[in-house]
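Observations on the three-dimensional arrangement
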Amino acid sequence: MNFEAFFETELDKLKDAGNYRVFADLERHKGGFPKATRYGEDGETSEVTVWCSNDYLGMGQHPTTVAAMKEAIDKCGAGAGGTRNISGTNHYHILLEEELADLHNKEAALMLTSGYVANWAALGTLASRIPGCEIFSDSDNHASMIEGIRHSRAPKHLWKHNDPADLDRMLSEADPDVPKLVAFESVYSMDGDICPMKEILDICDKHGAMSYLDEVHAVGLYGPRGGGIAEREGLMDRVTVIQGTLGKAYGVMGGYITASTALIDFVRSFASGFIFSTALPPALAAGATASIRHLKSSEMERARQRKNVRILRERLDAIGLPHMMNESHIVPVMVGDAKKCKFISDLLLDQHGIYVQPINYPTVPKGTERLRITPGPLHTEADIDHLVGALSELWSQCALSRAVA
Ligand SMILES: *Cc1c(COP(=O)(O)O)cnc(C)c1O
């Protein structure tokens, strides 16, 4: 087989379909978030304002986070030096896991390499090792949960997105004696919609099902201490497993689950994706711990973010640009055409110094192509005006329709 030709043909297919991903080559500026230097193909550099970062609150460059990481590097060096079992457990990992358990008011926590690995390993392990376990998964669940479920080989039932009645119906049809695990998210990343958590948990209780909640887009951002939507709604103690990331609002890297002591010990003891992988560097654990602690008591970042989300939505409304309504911090500006979405994104970057990655199929359904904008606490009103002005110009240039006020 001509492997090279095969790879190239497959890539050409992606390009023809408009699904080929091009990375923006950026150097983020500590102290200047959300500004970054962009490296162009010709080697030239320019300054851009980032509008699509999942470092939602700028914690990745917060002095508290950075200082904690530097201190840990000076103390412990670069890497962890092993898997958690074989010499890789550093005291910073233990402190982080205590911090996480406290954040979600759970008995225990386990740190994994990423949010992806946390979902993959935890769901894969639970669903494969609980005898006869069946999974009930929200139809919009993230790829990491889908892969974990697939890996477990447990029977899977997809319920309609955010539809507790559909979940209830499916659980009612299942064998009452079979162990059931319900997997869902709080804030969905692409539409920014939030699940009806209490209703879902009521139904889990009714059928004796275990609940598994991905709070990746909510931790740090919602709840009085940043514990997520479950904390905001006073529901943390009713969720069996709360999963999160340290790479988004906490600005560092890593993933985790929190739950009862026995469940955490079970995943720790049986999950291959945890056992056989080098522990994250102590400095990451130290930085994440500092970031979590900061957001437990500081409301300022969340308040400023909410204000900027509100201002952006008002300015978009004023000029009739369509954005999907939701009650989260994610502002999806709807283009509805893959080529135009990419075109607008390219021109924003090349001509206006604004970086918003286009979101096209298969990440979102065809016809709902969008710019997923994530205002943060450090965007200024001038940044917002600049973004909205540029969008308005490009909207006209692409002959896209506007809502009539
Ligand atoms: C990003 C994401 C993850 C993975 O988290 P990482 O820490 O980035 O690996 C898991 N679930 C959802 C819903 C996500 O959006």
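The text that follows walks through the structure, step by step, so that each part is easy to find. Not measured: the values here are computed from a predicted model.

As for the sheet that holds strand β8 (residues 210–214)
Overall, mixed pairing links the seven strands, which are arranged β4-β10-β9-β8-β7-β5-β6 in an open sheet. Single-partner strands in this sheet number two, and they are β4 (108–112) and β6 (156–159). In this sheet, neighbouring strand axes are inclined to one another by 20° on average, regardless of whether the strands run parallel or antiparallel. By the bridge criterion, four bridges tie strand β5 (residues 134–138) to β6 in an arrangement that is parallel. Pairing of I135 across the sheet is with K156, part of β6.

Comments concerning unusual backbone geometry
Trans peptide bonds make up most of the peptide bonds, and negative phi angles are found at most residues other than glycine. Cis geometry is found at the peptide bond from F33 to P34, where omega equals 5°. Checked against the element boundaries, P34 lands in the loop between β1 (26–28) and β2 (35–39). Cis geometry marks the peptide bond from Y361 to P362; its omega dihedral reads 10°. Mapped onto the elements, P362 comes out in the loop between β13 (358–359) and β14 (370–373). Here the phi dihedral of S87 falls at roughly 70°; this positive angle occurs in a residue that is not glycine. Along the chain, the position of S87 falls in helix α3 (residues 84–88).

Brief notes about the pattern of salt bridges
Enumeration according to the criterion identifies 27 salt bridges in this entry. Salt-bridge contacts for D383 lead to K35; the nearest nitrogen and oxygen are separated by 3.0 Å. On the criterion of sequence distance, the pair formed by D383 in helix α15 (residues 381–397) and K35 in strand β2 is long-range, its members being 348 residues apart. You can call D383 buried: its relative accessible area is 11%. A salt bridge links K342 to D346, with the nearest nitrogen and oxygen atoms 3.0 Å apart. Of the two residues, K342 and D346 both sit in helix α14 (residues 338–352), four residues apart, roughly one turn of that helix. D346 sits in the partly exposed class, given a relative accessible area of 28%. Overlapping salt bridges bring together E99, D102, R225, E231, R293 and K296 as one network.

With respect to the sheet that holds β2
Taken in spatial order, the four strands line up as β1-β2-β3-β12 in an open sheet, and their pairing is mixed. Of all the strands in the sheet, the pair left with one neighbour each is β1 and β12 (354–355). Bridge count between β2 and strand β3 (residues 45–50): five bridges; the pairing is antiparallel. Bridge pairing in β3 places K35 opposite T49.

Regarding helix α2 (residues 63–76)
Spanning 14 residues, α2 covers 20 Å between terminal C-alpha atoms, matching the ideal 20 Å at 1.5 Å per step. When α2 is considered as a whole, its buried residues turn out to be T65, V66, A68 and A72. Each buried residue of α2 lies within a common arc of 160° when the element is viewed along its axis, so the set occupies one face. In α2, the exposed residues that point more than 90 degrees away from the buried face are P63, K70 and D74. Structurally, α2 contributes buried residues whose contacts are with α4 (91–103) and α12 (282–297). G77, located one to two residues past α2, shows a positive phi value of around 85°.

A look at the site of the ligand
The environment of the ligand is made up of S114, G115, Y116, N119, H142, S144, E185, D214, V216, H217, T245 and K248. Interatomic distance of 2.7 Å between a backbone N/O atom of G115 and an oxygen atom of the ligand. Between the ligand and Y116 there is a distance of 2.9 Å, counted from an oxygen atom to a backbone nitrogen or oxygen. Its free accessible area being 380 Å², the ligand has 83% of it covered by the protein chains. Among the elements that make up the shell around the ligand, the one with the highest residue count is helix α5 (residues 115–129) (three residues). Grouping the constituent residues of the shell around the ligand by class yields two nonpolar, seven polar and three charged.

Cut-offs and rules
Residues numbered from 1 in each chain as written. Predicted model: local features only at pLDDT ≥ 70, side-chain atom pairs only at ≥ 80, totals over all residues. Heavy atoms only, no water. Pairing = 2+ DSSP bridges. Helix = DSSP H or I, 4+ residues; strand = E, 2+ residues; numbered from the N terminus. Axes fitted to C-alpha atoms, helices over the stretch in contact; angles between N-to-C directions. Salt bridge = Lys/Arg side-chain N within 4 Å of Asp/Glu carboxyl O. Buried < 20%, exposed > 50% of the residue type's maximum accessible area, 1.4 Å probe, protein only. Expected span 1.5 Å × (residues − 1). Arc of directions from axis to C-beta. Contact = heavy atoms within 4.5 Å. Near = heavy atom within 4 Å. Polar contact = N/O pair within 3.5 Å; in protein donor to acceptor, adjacent residues only side chain to side chain. Areas by Shrake-Rupley, 256 points an atom, 1.4 Å probe, with all protein chains shown as cover. Nonpolar A, V, L, I, M, F, W, Y, C, P; charged D, E, K, R; others polar.

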